[in-house]
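Structural features, examined
Each chain, written out:
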Amino acid sequence: MKAAGRKKLDQRAFLEQVHECRDNGYLLSSKKIGSGAFSKVYLAYATQERMRHNSKLASDLRGKRHTMVAIKIVSTAEAPAEFSRKFLPREISSLNATYKHLNVVQLYETFANSRRTYLVLELAAHGDLLEHINATSAHRRCPGLEEEEARRLLWQLVSAVAHCHNSGIVHRDLKCENILLDDRGCLKLSDFGFANRSGLKNSLLSTFCGSVAYTAPEILMSKKYNGEQADLWSLGVILYAMVTGKLPFKECQPHGMLYLMRRGPTFRPGLSPECQDLIRGLLQLRPRARLALQQVATHHWMLPAAHALFCTTLCAIPEKPEKPQLQTSLDNVEPSADSDPPRSLLQLWRPQLQGTSHESASSLTPEPPRACPRQVADSAGLQLWRTETAGRRVGRSRHPLLLCSIWSVPGHYLVS
Ligand SMILES: Nc1ncnc2c1ncn2[C@@H]1O[C@H](COP(=O)(O)OP(=O)(O)OP(=O)(O)O)[C@@H](O)[C@H]1O
């Protein structure tokens, strides 16, 4: 087909899409923010009318203080039948199963007709992790991210993957291109096109999924595999990519890849031994020998991330002046058992936090308020229910591996 004819068809298709979105309560912009094999992703705006009718959308966008969404338009008329019958429904059901987590792209709703399916997604407007690594490497004139930044991002990624696994979903295509960043620098796991139910514990999968560079050796060897353990391998590749700016194993042919995998990763000088140890722990040939997510979260290289999380929480959530008995009602008030004051620190972090008493917390200099307590809590992966009840439990962690509560004490919040 001639280029002019193709362009006209594209314009007609785009106008149809604009109308179809408008009929469903969204204003589609012409800004294309990405494309996949059978899909295009556009920036769009939710109408007030739509927000009134969709509680997921309303509650999320209220917190973000904008009405922007990403609409993924899948051309089901052009895609192979197997894609529309198998992979697209799996993507939608996986996104529904993993709703809602701060580090997983949220699906607000879908609508469809005979030619297209529309996925209305949370917008992550700051590109993907690969772009971020490349841009940062160029800026620093040194390949890879600072370990501190990699740690912060891995913390969020581990939280997202743990949430998926706990929800019975294995991603199976974890790679830097599928990890998006939003305008607050918050990581959002996306593209659940290959995701599947993890099913019964220890049940094995057999489909080859994902990109060779991130694929676990057992999949390359066409063995039956455990999806959760395969995701752990990919996490190791992603961490390696973050701290070195390179992929650990790069070969086009699977047998060449397997040869490199057996030899193990090599590291640039200067990379901390703790980080090398964590990467090696994930890039274990034997799936069962790989570190579990819980072990990753408590690995000594990761602990500063947990510490930073607590310090951020302790320092940056300034409590409002005390007004005894007055409770600011937030939209997510939980009828909690405000029972005893904090006694034990979370087991997972006990060794690191033993010194965190009321006094030591108070000795931290609180920063002036930069954002409202709820925003700060959100970005730290914590959920606050209310802000003004000294000595009471006022929130909890959203991190699936970090089961803790937030307590209000005069001047600070404590995490226990
Ligand atoms: N929620 C989102 N916010 C911002 N950009 C997004 C979002 N979802 C997808 N994109 C962009 O659109 C691109 C394609 O989306 P996605 O990967 O979901 O499609 P796909 O059809 O599964 O792609 P592929 O065929 O590469 O697997 C992404 O690489 C990303 O750049």
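Provided above is the structure to which this section pertains.
Residue positions within a chain follow its written sequence, with the count starting from 1. Only residues with pLDDT of 70 or above have their local features reported here, since the model is predicted, and side-chain atom pairs are shown and tallied only from 80 upward, although totals for entire chains, interfaces and linings are computed over all residues. Excluded from the side-chain calculations are hydrogens and water; all other atoms, namely the structure's heavy atoms, are used.

1. Notes on the overall build of the protein
Only DSSP runs of H or I covering at least 4 residues are called helices, and only runs of E covering at least 2 are called strands; the numbering of each starts at the N terminus. Along the backbone of the protein there are 15 helices and 13 strands. Here the protein holds 416 residues, and 50% of them are scored as buried. Within the protein, residue pairs in contact and separated by at least 24 positions form 65% of the contacts whose partners lie at least 6 positions apart. Accessible surface, the protein as shown: approximately 20,300 Å² in total, 53% of it carbon and sulfur. Throughout this description, buried means an accessible area under 20% of the type-specific maximum (1.4 Å probe, protein chains only), exposed means over 50%, and partly exposed covers the range between. Here a residue-residue contact requires only that any non-hydrogen atoms of the pair lie within 4.5 Å. Accessibility throughout is a Shrake-Rupley quantity obtained with a 1.4 Å probe, and a residue counts as covered only by protein chains that appear here.

2. A short note on helix α3 (residues 55-64)
Every α-helix carries 3.6 residues per turn, so stepping three or four residues along brings you back to the same face. Residues of α3 that are buried: Leu-57, Ala-58, Asp-60, Leu-61 and Lys-64. Between N or O atoms, a polar contact is any pair within 3.5 Å; within protein, one atom must be a potential hydrogen donor and the other a potential acceptor, and residues adjacent in sequence are included only when both atoms are from side chains. Measuring from the backbone nitrogen of Lys-56 back to the side-chain oxygen at the start of α3 gives 3.0 Å, which picks out Asn-54 as the cap. Just past α3, the residue Arg-65 takes up positive phi, approximately 60°.

3. Considerations on the pattern of salt bridges
Between side chains of opposite charge, a pair can form as their charged atoms come close. Basic side-chain nitrogens of Lys or Arg form a salt bridge, by our definition, when they fall within 4 Å of a carboxyl oxygen of Asp or Glu. Taken as a whole and judged by the stated rule, the model has 16 salt bridges. Glu-16 is the partner of Arg-115 in a salt bridge, and the nearest nitrogen-oxygen pair spans 2.9 Å. Of this pair, Arg-115 sits in the loop between β4 (107-112) and β5 (116-122) while Glu-16 sits in helix α1 (residues 3-23), and the two are 99 residues apart along the sequence. With a relative accessible area of 35%, Arg-115 lands in the partly exposed category. The class for Glu-16 is partly exposed, based on a relative accessible area of 27%. Arg-50 serves as the salt-bridge partner of Glu-109, at 2.7 Å between the closest nitrogen and oxygen. Taken together, the residues span a long stretch of sequence, with Glu-109 in strand β4 and Arg-50 in helix α2 (residues 48-53) at a distance of 59 residues. Residue classification places Glu-109 among the buried residues on the basis of a relative accessible area of 15%. Linked by salt bridges that have partners in common, Asp-60, Lys-64, Lys-100, Glu-122 and Lys-188 make up one network.

4. Points about the packing of helix α8 (residues 227-244) against helix α10 (residues 273-282)
Between α8 and α10, the least distance of the axes is 8 Å, while the angle of their chain directions is 150°. It follows from the interaxial angle that α8 and α10 lie roughly antiparallel. Considering only the axes of α8 and α10, their crossing is left-handed. Residues Leu-232, Trp-233, Leu-235, Gly-236, Leu-239, Tyr-240 and Val-243 of α8 form the contact with α10, whose participating residues are Cys-275, Leu-278, Ile-279 and Leu-282. When grouped by side-chain class, the residues that make up the contact of α8 with α10 number 10 nonpolar, one polar and no charged. As a rule, the C-alpha atoms of each element are fitted with a line to give its axis, helices using only the stretch in contact, and angles between N-to-C directions run from 0 to 180 degrees. Roughly parallel means an angle under 35 degrees; roughly antiparallel means over 145; roughly perpendicular covers 65 to 115; every other angle is labelled oblique. Handedness of a crossing is defined here by the sense of rotation of the near helix relative to the far one, left-handed for an anticlockwise turn of less than a right angle and right-handed for a clockwise turn. Just so you know the grouping, Ala, Val, Leu, Ile, Met, Phe, Trp, Tyr, Cys and Pro go in nonpolar, Asp, Glu, Lys and Arg go in charged, and all remaining residues, Gly too, go in polar.

5. Section: the site of the ligand
Definition of nearness: a residue and a molecule or strand are near each other if at least one heavy atom of the residue lies within 4 Å of the molecule or strand. Looking at the ligand, there are 16 residues lining it, with Ala-37, Ser-39, Lys-72, Glu-122 and Asp-191 nearest. A distance of 2.9 Å separates an oxygen atom of the ligand from a polar atom in the backbone of Ala-37. At 2.7 Å, a backbone N or O of Glu-122 approaches a nitrogen atom of the ligand. Alone, the ligand offers 610 Å² of accessible surface; in the complex the protein occludes 77% of this. At the level of secondary structure, the elements contributing two or more residues to the shell around the ligand comprise β1 (26-35), β2 (39-46), β3 (68-75) and β5.

6. Some thoughts on the pairing of β1
Only when DSSP finds a minimum of two bridges between them are two strands counted as paired. As paired strands, β1 and β2 are joined by six bridges and run antiparallel to one another. Paired with Gly-34 across the strands is Val-41, a residue of β2. Where β1 folds back onto β2 in an antiparallel hairpin, the turn is made up of three residues.

7. Some details on the sheet that holds β4
Reading across from one edge, β1-β2-β3-β5-β4 is the order of the five strands in this open sheet, with antiparallel pairing throughout. Every other strand in the sheet has two partners, leaving β1 and β4 as the edge strands with one partner each. The average angle at which neighbouring strand axes cross in this sheet is 25°, direction not considered. Direction of pairing for β2 relative to β3: antiparallel, over a ladder of seven bridges. Bridged to Leu-43 within β3 is Ala-70. Contacts from α3 reach β1, β2, β3, β4 and β5, with the element oriented near 135° to β4. Where helix α4 (residues 81-97) meets the sheet, its contacts fall on β3, β4 and β5, and the angle it forms with β5 comes to roughly 20°.

8. Quick notes on the environment of Ser-75
Within the element layout of this structure, Ser-75 appears in strand β3. Residues Ser-75 and Lys-40 lie 35 residues apart in sequence; the distance between their C-alpha atoms is 8.4 Å. Every residue in contact with Ser-75, bar those within four places of it in the chain, is listed here: Phe-38 and Arg-115.

9. Digging into the nonpolar core
Most often, soluble globular proteins keep nonpolar side chains buried together rather than apart. Put simply, buried Ala, Val, Leu, Ile, Met, Phe, Trp, Tyr and Cys residues joined by side-chain atoms within 4.5 Å make one nonpolar core. Counting residues in hydrophobic clusters, the biggest one holds 73 residues, and the most contacted among them are Leu-154 and Met-242. Broken down by element, this core gets its largest block of residues, 11 residues, from α8. Once residues within four sequence positions are removed from consideration, Leu-154 is found in contact with Leu-235, Leu-239, Met-242, Leu-278, Val-296, Trp-301 and Met-302. Counting 17 residues, the second largest nonpolar core, distinct from the first, contains Val-69, Ile-73, Phe-111 and Val-120.

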